[in-house]
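# Coordinate analysis (summary)
Each chain is listed here by its residues.
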Amino acid sequence: MRFADIGQQLRAYRLESGLRAEEIAARLGVSRAALYRYEKGEVIKLDTIRRLAELLKISPLSLLGIGVEYFSRPLALQERLRQVEEDAEQILQLGSALCTLVTSDGYDAALAEAMAEAAEASPERVAFHAAAEQALGLLGARKRLYQTRRPSIIAMVTERALRGFLMDGVAPALHLSEAGRHRARLAARAEVENIAALMESVPMGLQIGLLTESEPTGSFIVLRARERAHLCANPFLPDSPPMAALGVGTITAADEAVTIHQRVAENAWREARKGAEAAGRVRLLLAETRMH
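As the structure is a computational prediction, the values presented were derived from the model and not from experiment.

So, how was this worked out
- Residues numbered from 1 in each chain as written.
- Predicted model: local features only at pLDDT ≥ 70, side-chain atom pairs only at ≥ 80, totals over all residues.
- Heavy atoms only, no water.
- Helix = DSSP H or I, 4+ residues; strand = E, 2+ residues; numbered from the N terminus.
- Rg over C-alpha atoms; globule rule 2.2 N^0.38 Å.
- Buried < 20%, exposed > 50% of the residue type's maximum accessible area, 1.4 Å probe, protein only.
- Contact = heavy atoms within 4.5 Å.
- Areas by Shrake-Rupley, 256 points an atom, 1.4 Å probe, with all protein chains shown as cover.
- Lys, Arg positive; Asp, Glu negative; His and termini not counted.
- Charge placed at Lys NZ, Arg CZ, Asp CG, Glu CD.
- Core = buried A, V, L, I, M, F, W, Y, C linked by side-chain atoms within 4.5 Å.
- Salt bridge = Lys/Arg side-chain N within 4 Å of Asp/Glu carboxyl O.
- Phe/Tyr/Trp six-rings, centres within 6.5 Å; stacked < 30°, edge-to-face > 60°.
- Lys NZ or Arg CZ within 6 Å of the ring centre and 35° of its normal.

What the protein contains, in helices and strands, is twelve helices and seven strands. Its C-alpha radius of gyration of 20 Å places the protein within 12% of the 19 Å reference for a compact globule of 292 residues. Principal-axis analysis of the C-alpha atoms gives the protein an extent of 65 × 45 × 30 Å. Split into buried and exposed, the 292 residues of the protein put 51% on the buried side. The contacts of the protein with a sequence gap of at least 6 include a subset with a gap of at least 24, amounting to 76%. Counting every atom, the protein has about 14500 Å² of accessible surface; 54% of that belongs to carbon and sulfur. When the 37 positive and 37 negative side-chain charges of the protein are each reduced to one mean point, those points stand 3 Å apart.

Pasting the structure below:
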């Protein structure tokens, strides 16, 4: 029984629900101190596991890692993904315009600027600022973890997603001024140039391919640790609105789910453009979008 995994799900739920630790502890019939111990991976009584499954509205089997975890808030999914990444040795990504863990510092700065501007214009300014700070903190924590552990990454971005990223800029769903949107587009161009450089240089343990012919219907990540693999379907990009993003993300360790997604990603990798060819295609895309 993986108590550490259960503790991680409990912490993710606390972020997802917005409830205070005292409220969750009361619903579980335990003390707040016990709640924090459970989040750290200490042994949980079976009766508490049953009550926790009821609280999370999932079956006890799902809680024990056999089912699927669902997330409707970006912050909760990002925290759970960070937890899974703590043990990952291999990461396989299909879809999207970015590989989040290897985005540049410039991207982070542009995202922080866009969120700060959107927060000031929001009727819920204080709450928006708090959510944005938490989202940026989670992004930073995930990237620092990657820099420390250096799991191997194979990522496949798509030409269509890159084109949309260049046209809309960083944080396309945020309400920005005309000047702010212009800066967001400039930041997107710089980030796509960074992607092209990574494609061309192929740093150790990092390969980024480009899909041009076949466009996946969605994006997903397979994360493999020494003893276990997880599948994450994440509709929330790092630059999604931290409060009002609509979607449902999932994480599962079910073998059949991991296996079929792994097979799809491996097939896509065989078709992907790689190395200098991929970088050249991306730079051509940069030149095309500059003309309009």
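Let us keep going from here.
It is worth spelling out the nonpolar core at this point. Core analysis: the largest hydrophobic core is formed by 57 residues, its most contacted members being Ile153, Leu162, Val170 and Met199. It is helix α10 (residues 178-201) that contributes the most residues to this core, eight residues altogether. Not counting chain neighbours up to four residues away, the residues in contact with Leu162 comprise Ala97, Val157, Val192, Ile195, Leu210, Val282 and Leu285. Core analysis: the next-biggest nonpolar cluster, separate from the first, contains 18 residues, Phe3, Leu19, Tyr38 and Ile49 among them.

Per the counting criterion, the structure on display carries 21 salt bridges. We note a salt bridge from Glu54 to Arg50, for which the minimum N-O separation is 3.0 Å. In this pair, Glu54 and Arg50 are both assigned in helix α4 (residues 46-56), four residues apart and thus about one turn of the helix distant. For Glu54, a relative accessible area of 53% translates into the label exposed. By relative accessible area, Arg50 is classed as partly exposed at 38%. Measuring nitrogen to oxygen at the nearest pair gives 3.5 Å for the salt bridge that ties Glu117 to Arg183. Here Arg183 lies in helix α10 and Glu117 lies in helix α7 (residues 105-121), a separation of 66 residues in the sequence. On the accessibility criterion, Glu117 (23% relative accessible area) is partly exposed.

Okay, the packing of aromatic side chains next. Scanning the entire structure with this criterion turns up zero aromatic pairs. A cation over a ring is seen here: Lys274 above Trp269, with NZ or CZ 4.9 Å from the ring centre.

Keep in mind that these numbers describe shape and distance, not what the molecule does.
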